[in-house]
Amino acid sequence: MNERSNEISRRRLLGFAAAGTSGLLLGGCDRLNGSEGFRSVLEDTENLTMRSQRFLMGDRLAREFGESDISPVFKANGSLGVTDPVYRGHFTQQFAAWALHVDGLVRQPLTLPLTALKGFPQRTQITRHDCVEGWSAIGKWQGPQLSAVLAQAGLLPEARYAVFHCADVLAGSPYYESIDLIDAFHPQTILAWQMNDQPLTEQHGAPIRLRVERQLGYKQAKYIMRIELRSTLAGLYKGKGGLWEDRSDYAWYAGI
Ligand SMILES: Nc1nc2c(c(=O)[nH]1)N[C@H]1C(S)=C(S)[C@@H](COP(=O)(O)O)O[C@H]1N2
Ligand SMILES: [Mo]
């Protein structure tokens, strides 16, 4: 990477830090900027597509829409439900005893009940979801920014990826997805527990699902049970960072 694009990347990261707000988060971002792992996300990556897409995008936000643009019908896709008995128990109790686990390369592993996730500052965004299968829908999402949750856990310097472990099994494999820290700290990356002003239904990913708005539908992990911070995706399932990436050679960075 040459000096100029290095400088642009650096400013872009600082821009993310500023956009992310909150003293807690800035603390987290200072740590991030100083961490080898975070810088190497940009410096070491061999993924030219990702780099050029990111370069063209800059630090832009995904487009947000108005209330009147919300699709009357939002198709549900992939897993429409979860058979796991533990999940079923939580579902019956409306997730009152459920908690999200945040672990791996963090200073403080977290166990966050739904009430805790609802207690973070909330972000609401109306965005368009694009599925590779050729359909789109506009929906309204609400939840805490992932950055705030990660700031509370505190990342260790080696952390480079956030992995989302889901409760469902799709065609024989547990669903999982992953993003890098640039998307993890992007202001529009949220852990949504509401869709169109209602708690998520089962088919759309109750109790929480990821919204990472500059990427395609399969990155929007539903039924998240655990977020694991890792230094590498190697050694996790088939190593490509997601169920579809492992299975079908879908791109890991699914930029829209
Ligand atoms: N856990 C889990 N997350 C998932 C899927 C899935 O099967 N399981 N399908 C993905 C795909 S391909 C799409 S298009 C969206 C669909 O989200 P929706 O059902 O809310 O429309 O979820 C994504 N996240
Ligand atoms: Mo999809």
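Parameters at a glance
Residues numbered from 1 in each chain as written. Chains lettered and ligands numbered in written order. Predicted model: local features only at pLDDT ≥ 70, side-chain atom pairs only at ≥ 80, totals over all residues. Heavy atoms only, no water. Core = buried A, V, L, I, M, F, W, Y, C linked by side-chain atoms within 4.5 Å. Buried < 20%, exposed > 50% of the residue type's maximum accessible area, 1.4 Å probe, protein only. Contact = heavy atoms within 4.5 Å. Helix = DSSP H or I, 4+ residues; strand = E, 2+ residues; numbered from the N terminus. Pairing = 2+ DSSP bridges. Axes fitted to C-alpha atoms, helices over the stretch in contact; angles between N-to-C directions. pLDDT = per-residue confidence, 0-100. Near = heavy atom within 4 Å. Polar contact = N/O pair within 3.5 Å; in protein donor to acceptor, adjacent residues only side chain to side chain. Nonpolar A, V, L, I, M, F, W, Y, C, P; charged D, E, K, R; others polar. Salt bridge = Lys/Arg side-chain N within 4 Å of Asp/Glu carboxyl O.

## What to know about the nonpolar core
One broad rule of soluble globular proteins: the nonpolar side chains tend to lie buried together.
Turning to step 1, where the next piece is worked out: Formed by 54 residues in total, the largest nonpolar core has its most connected members in Leu100, Val102, Leu117, Phe164, Leu191, Ile227 and Leu229.
Turning to step 2, where the next piece is worked out: Residues within four places of Leu100 in sequence aside, it is in contact with Leu110, Thr111, Leu112, Leu117, Leu191, Ile208, Ile224, Met225, Arg226 and Ile227.
Turning to step 3, where the next piece is worked out: In this structure, Met50, Tyr176, Leu233 and Leu236 belong to the second largest nonpolar core, which totals eight residues.

## Examining the side chain of Gln220
Turning to step 1, where the next piece is worked out: Checked against the element boundaries, Gln220 lands in the loop between β10 (209-211) and β11 (224-230).
Turning to step 2, where the next piece is worked out: Take Gln220: its relative accessible area is 3%, and that puts it in the buried class.
Turning to step 3, where the next piece is worked out: Setting aside residues no more than four positions away along its own chain, Gln220 makes contact with His129, Arg209, Leu210, Arg211, Val212 and Gln215.

## Remarks on the sheet that holds strand β1 (residues 99-104)
Turning to step 1, where the next piece is worked out: Spatial ordering of the open sheet is given by β2-β1-β11-β5-β6, a layout of five strands whose pairing is mixed. The two strands at the open ends of the sheet, each matched to only one other strand, are β2 (110-113) and β6 (173-180). For this sheet the average axis-to-axis angle between neighbouring strands, irrespective of direction, equals 20°.
Turning to step 2, where the next piece is worked out: Pairing geometry for β1 and β2, over four bridges, is antiparallel. Paired with Ala99 across the strands is Pro113, a residue of β2.
Turning to step 3, where the next piece is worked out: Set on the sheet, helix α7 (residues 146-153) makes contact with β1, β2, β5 (161-170), β6 and β11; between it and β2 the angle comes to about 135°.

## Quick word on the confidence of the model for the chain
Turning to step 1, where the next piece is worked out: Per-residue pLDDT for the chain averages 87, and the proportion of residues at 70 or more is 81%.
Turning to step 2, where the next piece is worked out: Taken together, the stretch residues 1-31 has pLDDT below 50 and engages in 35 contacts with residues farther than four places along the chain or on a different chain.

## Overview of the site of ligand 1
Turning to step 1, where the next piece is worked out: Within the structure, ligand 1 sits among 22 residues, and Lys75, Ser79, Asp168, His204 and Lys222 are positioned closest to it.
Turning to step 2, where the next piece is worked out: One nitrogen or oxygen atom from the main chain of Ser79 is found 2.8 Å from an oxygen atom belonging to ligand 1.
Turning to step 3, where the next piece is worked out: One of the side-chain N or O atoms of His204 is found 2.7 Å from an oxygen atom in ligand 1.
Turning to step 4, where the next piece is worked out: For the shell around ligand 1, the elements supplying multiple residues, two or more each, are β3 (122-131) and β5.
Turning to step 5, where the next piece is worked out: Residue contributions to the shell around ligand 1 peak at three residues, all from β5.
Turning to step 6, where the next piece is worked out: Looking at the shell around ligand 1 residue by residue, the class counts come to 10 nonpolar, eight polar and four charged.

## Considerations on the pattern of salt bridges
Turning to step 1, where the next piece is worked out: Under the criterion given, the structure shown has 13 salt bridges.
Turning to step 2, where the next piece is worked out: Close ionic contact of Arg128 with Asp130 constitutes a salt bridge, the shortest N to O distance being 2.9 Å.

## Things to note about the sheet that holds β3
Turning to step 1, where the next piece is worked out: Spatially, the four strands line up as an open sheet ordered β3-β4-β8-β9, and their pairing is antiparallel. The open sheet has two free edges, formed respectively by β3 and β9 (198-199), since each of these has just one partner strand.
Turning to step 2, where the next piece is worked out: In the sheet, β3 pairs with strand β4 (residues 135-144) via 10 bridges, with the strands oriented antiparallel. The residue bridging Gln125 from the neighbouring strand is Trp141, located in β4.

## Describing the pairing of β1
Turning to step 1, where the next piece is worked out: The turn joining β1 and β2, which pair antiparallel and follow one another in sequence, is formed by five residues.
Turning to step 2, where the next piece is worked out: Alignment of β1 against β11, held across four bridges, turns out to be parallel. If you follow Gly104 over to β11, its bridge partner there is Leu229.

## Let's talk about α7
Turning to step 1, where the next piece is worked out: The buried fraction of α7 is high, at seven of eight residues.
Turning to step 2, where the next piece is worked out: When we look at burial in α7, the residues that qualify are Leu146, Ser147, Ala148, Val149, Leu150, Ala151 and Ala153.
Turning to step 3, where the next piece is worked out: One or two positions beyond α7, positive phi appears at Gly154, with a value near 75°.

## A word on the environment of Asp69
Turning to step 1, where the next piece is worked out: Within the secondary structure, Asp69 is located in the loop between α4 (48-57) and α5 (85-92).
Turning to step 2, where the next piece is worked out: Taking the relative accessible area as the measure of exposure, Asp69 reaches 36% and is therefore partly exposed.
Turning to step 3, where the next piece is worked out: Considered as a pair, Asp69 and Ile126 are 57 residues apart in the sequence and their alpha carbons are 8.4 Å apart.

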